[in-house]
Structure formats: structure tokens, C-alpha cells
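# Observations on the three-dimensional arrangement
As a plain string of letters, each chain reads:
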Amino acid sequence: LGTSVVEGIGIGVVVSVGDQCQMGRIVRSAGKENHETPLSKEILRVVYTMTCLAILTGVIVILGWYFWLRVEHPDYMTPVSATMDVIRVLVVYVPEGLPVAITVSLVLIAKRLCKKYDVMVTKLTTVETLGCVSLILSDKTGTLTENNMVVTNLVVGGMIHSLQDDRRLSCGEKCLLRGGILCNAARIVQNEEKQEFVGGNGVDIALVKCALDLGLHPQNIIESYYNLAEVPFSSAVKYSLSINCLATNVTDSDGIGNIQMGHFVTIKGAPEIVIEKCTRMMDNDGHRRKN
């Protein structure tokens, strides 16, 4: 929010919230409705032009009567008749049919859009706005997809294990999920009604959800290890990295086994990057062997 720091973990100091902060001012200014469209501006310009012409014509008529017609033909027109003629001239300039013509035109265009392109127009001013658009850019997230990722398979020791099967997890699968939880920015927050996920991207949240669905306790795993350092995910390196060490008085409550002692590194990212950095592979029983 208004900073160049977009990734990582840190401590933020809140100095203003809501409408008082800069983002709040931007949202408030963007939320103000502006009813002036290009068509309304053009109509206003035409009205101003017609008004100026009407006033100019009325002044010419009244000056012509005062300096010429009143002197040459004093009995032809009285001051009251001259005033009525000026009012008639002003009324002639009023575009009485303009609002009706514009409304009918917009209605016909809206009907054509609905019939030909299946576009339902709720406001007639939208029709005029669409006529000024040459390029439409839209974000597919939330329209074609829900931005909700799900783990369907685990690959351990070169074998693909489907999570649809009703079975107990092997030691290697549990170790894999433990690494996915430790190298993870998503956290679980318990509200009154349900659990919510805070932080992390779609992959992080999918890994935590997967661990929960398989009966593991991500919060216990996180509390069992100290996070010494981490490298957040970026498109430049294509991986995220976490350095952890085992905390004291830790019990294997989830039955994962093979508890890693000392300092160790968990890495998560693009397969071609991660596999290139590995020298050994864990089999289904949790034993390490060379690739």
C-alpha cells in the first residue's frame, strides 16, 4: 500500500487508517460519481452556443427597433410589442426537441446492443460511453477462475500419490508436506465462525489446506521450528527459501517421524530450478538416496 516493499516479512507502523491515509484518499476520490460524459459536455457546449446566439439576436432586435424603427416609423411598433418580439426570438432558439432526440437515439442503440451482442444496458449514458471505447482490458481472475488452488497429487521418490485415495500418508509424504509448511508465508487465523488464511499466495494457502485436510497440524509444525532466515518468492529467482532449526522440547505429535536436527533449508519454487539444486531424493519411507 503505497510502498516499494512488496514481499517479505517485517514490522509495519500504522500512522493513519481509513480515509486519513493516502490510499483512503485515492479510494474516496475514485468513488465520487462524475455524471459528466462526453455527450453531456457536448450538449452543454451546444446549449451555451445557442444561448449566446439568442441573447445576441435579441440585443440586435431591440437595438434595431430603438435606433431605426422607432425613429423612422414611430407608430409601427410600441415598446411592449418590441419586447414581445424579443421574447419570441429567444424562445425560437430553445432546442425543445433536443432532449427527446438524444433519448430516442440512445434507446435505439441500447436495443441494437441487446439484440446483436446480448449486452443489457442499465443506464443510457453507458451507451454513449461504449461508443467512445476503442480497447477493453479485463482481468480473468474472479471471472473465469476463483484464484483457488488445490493440491491433487504428491510426488515422493519418483512416485505419484493421489490424494483422492483413502489411505494413511507415508513418512515421505508427511516430510514433503512439512517442508511445504515451513517454507510458507500463509498463516491460519481462527475466527468465531471459521478458519481464515492470512498472507501467502495461492500455492502457500493450497499447501496449508492440504495439510489440514490430511490430518496434520500446520501450526504445531511451525511452532516446532525456529525460522532463522528466508528468501521470499520472486519472479527473478523463481523460488522461495527458508532456513529452519529444531526448537527445544519438540514432540512428534503428527507422527511425521524423521525429525530434522540442526539447521536445514526448505525450498519451494519452479521444478527446473529446485531439482537443479538437489543432490539427493527422499523415497516413500523417508530415507534419502542419491538421484
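Here's what I pulled together on the structure shown here. (Residues numbered from 1 in each chain as written. Predicted model: local features only at pLDDT ≥ 70, side-chain atom pairs only at ≥ 80, totals over all residues. Heavy atoms only, no water.)

### Some thoughts on the pairing of strand E6 (residues 239–246)
Consecutive side chains of a regular strand alternate in pointing toward one face of the sheet and then the other. Here E6 lies mainly inside the structure; seven of its eight residues are buried. Note that strand E5 (residues 225–231) and E6 share six bridges and pair antiparallel. If you follow Glu230 over to E6, its bridge partner there is Ser242. (Buried < 20%, exposed > 50% of the residue type's maximum accessible area, 1.4 Å probe, protein only. Helix = DSSP H or I, 4+ residues; strand = E, 2+ residues; numbered from the N terminus. Pairing = 2+ DSSP bridges.)

### Notes on the packing of aromatic side chains
The final tally for this structure, using the stated rule, is three aromatic pairs. Relative to Phe264, the ring of Tyr225 has its centre 5.4 Å away and its plane inclined at 80°; by these criteria the two rings are edge-to-face. Of this pair, Tyr225 sits in strand E5 while Phe264 sits in strand E7 (residues 263–269), and the two are 39 residues apart along the sequence. You can call Phe264 buried: its relative accessible area is 13%. Above the plane of the ring of Tyr66 lies Arg70, whose end atom (NZ or CZ) is 4.3 Å from the centre. (Phe/Tyr/Trp six-rings, centres within 6.5 Å; stacked < 30°, edge-to-face > 60°. Lys NZ or Arg CZ within 6 Å of the ring centre and 35° of its normal.)

### Topic: the nonpolar core
Grouped together as the largest cluster of nonpolar side chains are 13 residues, with contacts concentrated most on Leu177, Leu182 and Tyr225. Of all the secondary structure elements, the ones that give two or more residues to this core are helix H6 (171–182) and helix H7 (202–213). Considering every element that reaches this core, the biggest residue donor is H6, with three residues. By size, the runner-up hydrophobic cluster in this structure holds six residues, among which are Ile102, Leu113, Val121 and Val127. (Core = buried A, V, L, I, M, F, W, Y, C linked by side-chain atoms within 4.5 Å.)

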